[in-house]
Amino acid sequence: YTLSLHDALPISPFNSHVVSALKASGAIILGKTNLDEFGMGSTTETSAYRATRNPWEHRRVPGGSSGGSAAAVAQHQCIAALGSDTGGSIRQPASFCGVVGLKPTFGLLSRHGLMSYASSFDCIGPVTSSVQDAAIVLSAMSEPSQQIDSTLQKQKSSAYHEHLLDIEHMTTQPLRGRRFAIIKETIGPGVEISVVERILTAASDIEDLGGIVDVVSCPTFNLGLPAYYILALSEASSNLARYDNVRFGDSELSRSEGMGAEVKRRILMGSYALSAGHSDAYYKRAQEVRSLVEADLSTKLKTYDVLLTPAAPTPAFRANEKKDHPLAMFSGDMMTVNINLCGLPAIVVRGGKVLVEDKLLPVGLQFIGRPFGEVSLLETAHIFEICTWKN
Ligand code: GLN
């Protein structure tokens, strides 16, 4: 089901809380950006509006699902764009397009008006050109909401950008006293060597800036990917039941018409994982894995202020390369999904470029913080960004 570019685009009947809050603080909303249908994808190739391409290299994907947002910011079409991050959809496209992407703590921002994919994971966040811009947009969006959102945990808004120092006011070792840990499992097999090199370079930059960097093992890290896909698709199969073309959707169409192949595949997989006779083997086990990952990462975050990983195991790959290989596509989310399993905040910043074939492509670094530790996480990312500035 592909919309023609001449079809009237659906207009939202109301603004989401975050859009209203941005407008109230003076932001101008230019339009909507492209994404994988229902946020399901890692390349922005499964959109009814057709694929978005990577502005650095048009034969490559911009990442996904919020690839349109990352591409628009990378091309300076706008100062900031929004994404919703269920398993990495803000951070992985930020990495592929060389911009900044912030996934806040689960429950920090109101999701009123956001279409649900997997409700125990979904978070709205900004895609921007700098950490400072991410902090400004986050501050505006965290204005208290009048609407009911039962997952909203902190109603107190915070001026996140006011905590960021200008470079002139920084000491020569502005990261002194901050402890970082690179997750060992994210720099091992399955991760491109050029990406690992960027992380190791970042580690030595952080040490030069006074931070302490260790490498620690998180043995549960590799379990998160299958658990995420079972849980996210189970939740999606329930959330998307409402698009039955009776109450929501196009009443001219039958029940499953109007949904793309990827969405249908995911509803089928999620319904299977939840079905009687299978839910113990899939859904329940995945929930147990979720608890193990949470325990592992929260223990590490007691000792370390920030956990450090690549944002994705590779730079942007070629369009169509993984489109028909769902497992290969899913495995590209290995760096990001665990963070959503645990509801933690994480920000992706530029980690320099790597040469792929004849092109330099951006690679992002992921800084993971403590729950509701956005102030400290943004401070750290900001110091790193401006002291190691890479275009
Ligand atoms: N690529 C992941 C998925 O398809 C994450 C998507 C997202 O965060 N919306 O589920």
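Residues numbered from 1 in each chain as written. Predicted model: local features only at pLDDT ≥ 70, side-chain atom pairs only at ≥ 80, totals over all residues. Heavy atoms only, no water.

Time to look at the overall build of the chain. Assigned secondary structure in the chain consists of eleven helices and eight strands. The principal-axis extent of the C-alpha atoms belonging to the chain is close to 65 × 50 × 45 Å. Split into buried and exposed, the 391 residues of the chain put 55% on the buried side. By sequence separation, contacts in the chain at least 24 residues apart represent 74% of the contacts at least 6 residues apart. (Helix = DSSP H or I, 4+ residues; strand = E, 2+ residues; numbered from the N terminus. Buried < 20%, exposed > 50% of the residue type's maximum accessible area, 1.4 Å probe, protein only. Contact = heavy atoms within 4.5 Å.)

Let's shift gears to the pattern of salt bridges. Taken as a whole and judged by the stated rule, the model has 13 salt bridges. Close ionic contact of E379 with R178 constitutes a salt bridge, the shortest N to O distance being 3.0 Å. With E379 in helix α11 (residues 374-387) and R178 in the loop between α4 (131-141) and β4 (179-183), this pair connects stretches of sequence that are 201 residues apart. The partner of D214 in a salt bridge is R179, with the nearest N and O atoms 3.5 Å apart. Linking D214 in strand β5 (residues 212-216) with R179 in strand β4, this pair joins segments that are 35 residues apart in sequence. Take D214: its relative accessible area is 24%, and that puts it in the partly exposed class. Judged by relative accessible area, R179 falls into the partly exposed class, the value being 29%. Here the residues in one salt-bridge network are E57, R59, R60, R318 and E357, joined through shared partners. (Salt bridge = Lys/Arg side-chain N within 4 Å of Asp/Glu carboxyl O.)

So, on to the state of the cysteines. In the structure shown here, the tally under the stated rule is zero disulfides. Unpaired in this structure, C97 has its nearest cysteine sulfur neighbour in C78, at a distance of 11 Å. Classification of C97 by relative accessible area gives buried; the value is 0%. Between C342, a cysteine without a disulfide, and C218, which holds the nearest cysteine sulfur, the sulfur-to-sulfur distance is 9.5 Å. C342 gets classed as buried once you look at its relative accessible area, which sits at 17%. (Disulfide = S-S within 2.5 Å.)

The next point concerns unusual backbone geometry. Put simply, G64 and S65 share a cis peptide bond, and its omega is 10°. Here S65 shows up in the loop between α1 (17-24) and α2 (67-74). Phi is positive for E357, close to 50°, though the residue is something other than glycine. Here E357 lies in the loop between β7 (346-356) and β8 (359-368).

In this section: the site of the ligand. Within the structure, the ligand sits among 16 residues, and T86, G87, S89, Y117 and Y228 are positioned closest to it. Here S42 contributes a side-chain N or O atom positioned 2.9 Å from a nitrogen atom of the ligand. Contact between the ligand and R266: an oxygen atom at 2.9 Å from a side-chain N or O atom of the residue. When the ligand is considered free in solution it has 300 Å² of accessible area, and contact with the protein chains removes 100% of it. Mapped onto the shell around the ligand, the elements with two or more residues apiece are β1 (80-85) and α6 (224-239). Considered class by class, the residues forming the shell around the ligand number four nonpolar, nine polar and three charged. (Near = heavy atom within 4 Å. Polar contact = N/O pair within 3.5 Å; in protein donor to acceptor, adjacent residues only side chain to side chain. Areas by Shrake-Rupley, 256 points an atom, 1.4 Å probe, with all protein chains shown as cover. Nonpolar A, V, L, I, M, F, W, Y, C, P; charged D, E, K, R; others polar.)

Turning our eyes to something else, we now look at the packing of α6 against helix α7 (residues 261-274). Two packed helices can be described by the angle between their axes and the distance between those axes. In the contact formed by α6 and α7, the axes pass within 7 Å of each other and the chain directions differ by 100°. Judged by the angle between their axes, α6 and α7 are roughly perpendicular. Across the interface between the two elements, Y229, I230, L233, S234 and S237 of α6 pack against R266, I267, M269, G270, S271, A273 and L274 of α7. Looking at side-chain class alone, the contact of α6 with α7 contains seven nonpolar, four polar and one charged residues. (Axes fitted to C-alpha atoms, helices over the stretch in contact; angles between N-to-C directions. Parallel < 35°, antiparallel > 145°, perpendicular 65-115°, else oblique.)

Counting along an α-helix, one turn takes 3.6 residues, and residues three or four places apart therefore face a common direction. Compared with the 20 Å implied by 1.5 Å per residue over 14 residues, the 20 Å span of α11 between its first and last C-alpha is a close match. Taken together, the buried positions of α11 are E374, L377, L378, T380, A381, H382, I383, F384 and E385. (Expected span 1.5 Å × (residues − 1).)

Scanning all chains against the criterion turns up eight aromatic pairs. One aromatic cluster is present, built from ring pairs that chain together F121, Y228, Y229 and F330. Just above the ring of F121 sits the side chain of R290; from NZ or CZ to the centre is 4.3 Å. Across from the ring centre of F317, 4.1 Å away, lies the NZ or CZ of K322, which sits over that ring. (Phe/Tyr/Trp six-rings, centres within 6.5 Å; stacked < 30°, edge-to-face > 60°. Lys NZ or Arg CZ within 6 Å of the ring centre and 35° of its normal.)

Two elements in contact, α4 and α11, have axes whose closest approach is 9 Å; the angle formed by their N-to-C orientations is 155°. Relative to α11, α4 is oriented roughly antiparallel. When α4 is examined against α11, the residues V131, Q132, A135 and L138 are found in contact with a partner set consisting of E374, L378, A381, H382 and E385. Broken down by class, the residue content of the contact of α4 with α11 amounts to five nonpolar, two polar and two charged.

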